[in-house]
Amino acid sequence: MTLLLLTNPIWHTLCNIYEVAVRSDTTRVVIEKEKEEMENVKVIIWGLGAMGSGMADMLLKKKGVDIVGAVGRGAKVGKSMYDYIQTPRGDRPDVIIGTPEEVIRKGAADVVLTCTDSFTKTAFDRLKFVLEQGINVVSSAEEMAYPQAQSPEEAKELDRIAKENGVSILGTGINPGLIMDLLVVLWTGCCEEVESITARRVNSLSPFGPAVMTEQGIGITKEEFEEGVRTGHLSGHVGFHESIHMIADAIGWKVDKVETAMNPIMTEVDRKSLHGFAKAGNVAGCAMKGYGYVDGEMKIEMDHPQQIEPEQVGIQTGDYVIIKGTPNVNMVNSPEIPGGIGTIAMCVNMIPHVINARPGLYTMIDLPVPRAIMGDMRDLICEEAKIVK
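Residues numbered from 1 in each chain as written. Predicted model: local features only at pLDDT ≥ 70, side-chain atom pairs only at ≥ 80, totals over all residues. Heavy atoms only, no water.

Chemist: Would you take a moment to explain the packing of helix α4 (residues 120–132) against helix α5 (residues 152–164) for this structure?
Modeler: Packed helices, taken two at a time, are described by the angle their axes make and the gap between the axes. Contact geometry for α4 and α5: axes closest at 10 Å, N-to-C directions at 10 degrees. Taken as axis vectors, α4 and α5 run roughly parallel relative to one another. Of α5, the residues touching α4 (which contributes Thr120, Lys121, Phe124, Leu127, Lys128, Leu131 and Glu132) are Glu154, Glu157, Leu158, Ile161 and Ala162. Here the residues of the contact of α4 with α5 sort into six nonpolar, one polar and five charged. (Axes fitted to C-alpha atoms, helices over the stretch in contact; angles between N-to-C directions. Helix = DSSP H or I, 4+ residues; strand = E, 2+ residues; numbered from the N terminus. Parallel < 35°, antiparallel > 145°, perpendicular 65-115°, else oblique. Contact = heavy atoms within 4.5 Å. Nonpolar A, V, L, I, M, F, W, Y, C, P; charged D, E, K, R; others polar.)

Structure, rendered in structure tokens:
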């Protein structure tokens, strides 16, 4: 028998436990009944671009988890997943890329990692399809980190569909999902009062795929960038609305409005990353600003310059949380946490929390804090919540 200290009410409800004593409303000492051997956690990956393929590589390093399906499109369909990731197949069973209808079926997996979109509205039909198959979802779509911020009707519908089908859905990543929102919320936990918040992330876009290069305007001219901003064809960083509303809702502020600004970062030298290229004189990145107003006063500031190969021109990357309050907080992490591996790890490491959660739509302020999975993933799974027994 193993003595555990559990503090999350979701675990109290879902885990197969015997209560010994109640110490408070949220902390109980319990003895967990020894579990019989559990099936490995079964995962399907939808989208094998830079993020999806990275998640596959990470999962293949972990114990107690199997990739049982991969969804792609075009020329990828019918080919091996191992043709699109770094990890050799070895003696593992092959995973053939298929269409959503072929791969995502009831009972096929415990969770689907969707890595196809940035926006809630464009991701909605895919997410709905997975939920209706009775499978949990972790989405890397930036707006899904806090979909109620800009797509409240879609958020309500996803919550309804998830509950109707007995599964859970979460959007997460490095940003939004951790650096400029959840991490900020964590630091407010040591404050008696908060007067204002600044979240700053100076980062490299080099790890990201073609979709992000297009969203940021990498490689185009200044005039094309300005036209893209004017017409709305360039999105720049996706997530300021989500991060600002997540922080405000978490600490009890009511946001009046959110304003954003977007300017090009020009390069004086040729810069090349895996999926992007900017010749001298063209756009190598995007400087984004976001402002959240509470009772007419700017309370939350987001500062986010990002570009490909910043080190090439002497730019030091980093993550910063500055809180004016009681006490003040000034957190500095430099260089930045890399966006690629950070997003990959956040999505994979949240798998147990999503499987264990009660049915519904969740955000990062609703579930237990993310943590690395260094042991067997099955040890973190409540057996009653698992789909593939």
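Chemist: What's the story with the nonpolar core in this structure? I'm lost.
Modeler: The tendency in soluble globular proteins is for nonpolar side chains to be buried as a group. Membership of the largest hydrophobic core comes to 82 residues, with the highest contact counts inside it found for Val43, Leu59, Met81, Leu113 and Ile351. Residue contacts for Leu113: discarding those within four places in its chain leaves Val43, Ile44, Ile45, Trp46, Met55, Leu59, Val138, Cys347, Val348 and Ile351. Of all hydrophobic cores here, the second largest spans 24 residues; its members include Val103, Ala108, Ile169 and Leu361. (Core = buried A, V, L, I, M, F, W, Y, C linked by side-chain atoms within 4.5 Å. Buried < 20%, exposed > 50% of the residue type's maximum accessible area, 1.4 Å probe, protein only.)

Chemist: Please clarify how the environment of Gly177 should be interpreted in this entry.
Modeler: Relative to the helices and strands, Gly177 resides in the loop between β9 (168–171) and α6 (182–188). The exposure class of Gly177 is buried, given its relative accessible area of 0%. Measuring from C-alpha to C-alpha, the distance between Gly177 and Thr122 comes to 19 Å, with 55 residues separating the pair along the chain. Sequence-distant contacts of Gly177, that is, excluding residues within four places in its chain, are made with Ala145, Thr172, Leu182, Met346 and Met364.

Chemist: Looking at this structure, I do not really get the sheet that holds strand β18 (residues 360–362). What am I missing?
Modeler: Consider a sheet: its strands pair through backbone hydrogen bonds, and that pairing is either parallel or antiparallel. An order of β6-β5-β4-β7-β8-β9-β18 is seen for the seven strands of this open sheet, with the pairing classed as parallel. The open sheet is flanked by β6 (97–98) and β18, the only strands paired with a single partner. In this structure, strand β7 (residues 111–114) lies alongside strand β8 (residues 136–139), joined through four bridges in parallel fashion. The residue bridging Val111 from the neighbouring strand is Asn136, located in β8. Of the strands in this sheet, β4 (41–46), β5 (65–71) and β7 touch helix α2 (residues 50–59), which is tilted by about 160 degrees from β4. (Pairing = 2+ DSSP bridges.)

Chemist: What is the right way to look at the sheet that holds strand β10 (residues 193–204) in this model?
Modeler: On the basis of which strands lie adjacent, the open sheet formed by six strands has the order β11-β14-β15-β10-β16-β17 and mixed pairing. Two strands close off the open sheet at either side, each with one partner strand: β11 (255–266) and β17 (329–333). Strand-to-strand twist in this sheet, taken as the mean axis angle between neighbours without regard to direction, amounts to 10 degrees. Alignment of strand β16 (residues 318–326) against β17, held across five bridges, turns out to be antiparallel. Residue Ile322 lies in a different strand from β17, and its bridge partner there is Asn330. Packing against the sheet, helix α8 (residues 222–231) makes contact with β11 and β14 (283–294), and its axis sits at approximately 165 degrees to β11.

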